[in-house]
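Secondary and tertiary structure notes
Listed below, chain by chain, are the residues.
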Amino acid sequence: QSALTQPASVSGSPGQSITISCTGTSSDVGSYNFVSWYQQHPGKAPKLMIYEVNTRPSGISNRFSGSKSGNTASLTISGLQAEDEADYFCSAYTSSSTVLFGGGTKLTVL
Amino acid sequence: QVQLQESGPGLVKPSETLSLTCAVSGYSISSGYYWGWIRQPPGKGLEWIATIHHSGSTYYNPSLKSRVTISVDTSKNQFSLKLSSVTAADTAVYYCARRQKGASDYWGQGTLVTVSS
């Protein structure tokens, strides 16, 4: 099984919106609505930001939103803030009952 | 509040077996959910290793399956990971996490395991 494909880096200015894509196959991203997104600051454990494609856990800002079309999922962050600068990873549950992660995207807030 | 804490040796010799334990507090493993291990080599991305259900059902990363065993001890409210025949490529921060609805919602702080002689 291959990792999901994410852009290595994205950037945006404070207040702007950015979108991070996550491309898989019909056996993972396209198979179920079990796509999740994680934020990771340096030296910290990943933090769940989105699950089931577009659901935010309690306490996560509504500036974070998720979507999916076919085999590609997306994370959008609106109203960028300095504290959003971090690495972001997507993940998908597969038809083989395994879990795949994306390679990660480094978000830089300019 | 659910909390997870990894423990185990920080240094393992090549060809030996890496053993880690994840102690869970604030929730009884026997009550449900899935529990798993994820690792992250220094400066790299996340890699799923294995997941276990409280009933004992197990799921493994195909690329690691021949070397990995995940187990649960409900009496101690903890679950464990064993990775055999380790090499330098297994050097990573190892995280334990609770899984539900296809996502890992609670994570341990992570523990760095270095494989070196």
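What this report covers is the structure whose coordinates are included nearby. (Residues numbered from 1 in each chain as written. Chains lettered and ligands numbered in written order. Predicted model: local features only at pLDDT ≥ 70, side-chain atom pairs only at ≥ 80, totals over all residues. Heavy atoms only, no water.)

1. Digging into the interface of chain B and chain A
This is how the line gets drawn: Residue contacts are counted whenever heavy atoms from the two residues lie within 4.5 Å of one another. Take the accessible area each of two parts loses on contact, using a 1.4 Å probe, and add the two losses: that sum is the buried area. Salt bridge criterion: a side-chain nitrogen from Lys or Arg within 4 Å of a carboxyl oxygen from Asp or Glu. We define a polar contact as two N or O atoms separated by no more than 3.5 Å, with the added condition that, inside protein, one atom must be a possible hydrogen donor and the other a possible acceptor, whereas residues neighbouring each other in sequence contribute only through side-chain atom pairs. Only runs of H or I of at least four residues qualify as helices and only runs of E of at least two qualify as strands under DSSP, and these elements are numbered from the N terminus. Residue type decides the class: Asp, Glu, Lys and Arg count as charged, Ala, Val, Leu, Ile, Met, Phe, Trp, Tyr, Cys and Pro as nonpolar, and the leftover types, Gly among them, as polar.
The interface is formed by 20 residues belonging to chain B together with 17 residues belonging to chain A. For the pairing of chain B and chain A, the buried interface totals around 1,500 Å² over both sides, and the portion due to carbon and sulfur atoms is 66%. When residues of chain B are sorted by the area they lose upon contact with chain A, L46(B), W48(B) and K101(B) head the list and together hold 35% of the total. The interface formed by chain B and chain A contains zero salt bridges. Counting every contact that joins chain B to chain A gives four residue pairs in polar contact (both at pLDDT 80 or more). Contributing elements (two or more residues each) for the side of chain B that touches chain A: β4 (34-40), β5 (47-53), β6 (58-60), β9 (92-100) and β10 (103-107) of chain B. Its residues assigned to classes, the side of chain B that touches chain A comprises nine nonpolar, seven polar and four charged.

2. Considerations on the sheet that holds strand β8 (residues 78-83) of chain B
Residues and elements named next belong to chain B. To be explicit about the condition: In this description, strands pair whenever DSSP reports at least two bridges between them. For helices, the fitted line uses only the C-alpha atoms of the stretch in contact; every axis is such a line through C-alpha atoms, and the angle between N-to-C directions lies from 0 to 180 degrees.
One open sheet accounts for four strands, arranged β1-β3-β8-β7; its pairing is antiparallel. Where the open sheet ends on each side, the last strands, each with one partner, are β1 (3-7) and β7 (68-73). Adjacent strand axes in the sheet meet at a mean angle of 20°, parallel and antiparallel pairs treated alike. In the sheet, β1 pairs with strand β3 (residues 18-25) via five bridges, with the strands oriented antiparallel. Counterpart to Q5 in the pairing with β3 is A23.

3. What to know about the state of the cysteines
Here is the rule: Cysteine sulfur atoms that come within 2.5 Å of each other are treated as a disulfide pair. Classification of residues uses two cut-offs on accessible area relative to the type maximum, computed with a 1.4 Å probe and protein chains only: under 20% is buried, over 50% is exposed, and between them is partly exposed.
Applying the stated criterion across every chain, the model contains two disulfides over all chains. Two residues, C22(A) and C90(A), share a disulfide whose sulfurs are 2.0 Å apart. Judged by the torsion about the S-S bond (75°), the C22(A)/C90(A) disulfide is right-handed. With C22(A) in strand β2 (residues 18-23) and C90(A) in strand β7 (residues 86-93), the pair connects residues that are 68 residues apart, well separated along the chain. Like C90(A), C22(A) is buried. Here C22(B) connects covalently by a disulfide to C96(B), the sulfurs 2.1 Å from one another. The disulfide joining C22(B) to C96(B) has a torsion of about 60° about its S-S bond and is therefore right-handed.

4. A word on the pattern of salt bridges
All names here are of chain B. Under the definition given, this model contains five salt bridges over all chains. Its salt-bridge partner being E47, residue R39 comes within 2.7 Å of it at the nearest N-O pair. Residue D105 pairs with R98 through a salt bridge whose shortest N-O separation is 2.7 Å. By relative accessible area, D105 is classed as buried at 19%. Bridged by salt links that share partners, the residues R39, E47, R67 and D90 form one connected network.

5. Overview of the pairing of strand β9 (residues 105-109) of chain A
Residue and element names in this part refer to chain A. Only one face of β9 is buried: it carries T105, L107 and V109, and the other face, with K106 and T108, is open. Examined bridge by bridge, β7 and β9 share three bridges and lie antiparallel to one another. Residue pairing across strands places Y88 opposite T105, the latter belonging to β9.

6. Description of the nonpolar core
As a reminder of what qualifies: Only buried residues count toward a nonpolar core, which is a set of Ala, Val, Leu, Ile, Met, Phe, Trp, Tyr and Cys residues joined through side-chain atoms within 4.5 Å.
Membership of the largest hydrophobic core comes to 26 residues, with the highest contact counts inside it found for L18(B), W37(B), F79(B) and Y94(B). Broken down by secondary-structure element, the contributors of at least two residues to this core are β3, β4, β5, β7, β8, β9 and β11 (111-115) of chain B. No other element matches β3(B), which puts four residues into this core. Apart from residues lying up to four places away in sequence, L18(B) is in contact with V12(B), L81(B), K82(B), L83(B), V86(B), Y94(B) and V113(B). Within the second largest apolar cluster, 24 residues are counted, among which are I20(A), I77(A), L107(A) and V109(A).

7. Re the environment of L100(A)
Residue and element names in this part refer to chain A. Position of L100 among the secondary structure elements: in strand β8 (residues 99-101). A residue is classified by how much of its surface remains accessible, and L100, at 7% relative accessible area, is buried. Taking the C-alpha atoms as reference, L100 lies 9.2 Å from V29; in sequence the two are 71 residues apart. Excluding residues that lie within four positions of it along the chain, L100 makes contacts with Q1, S2, L4, D28, C90, S91, A92 and T94.

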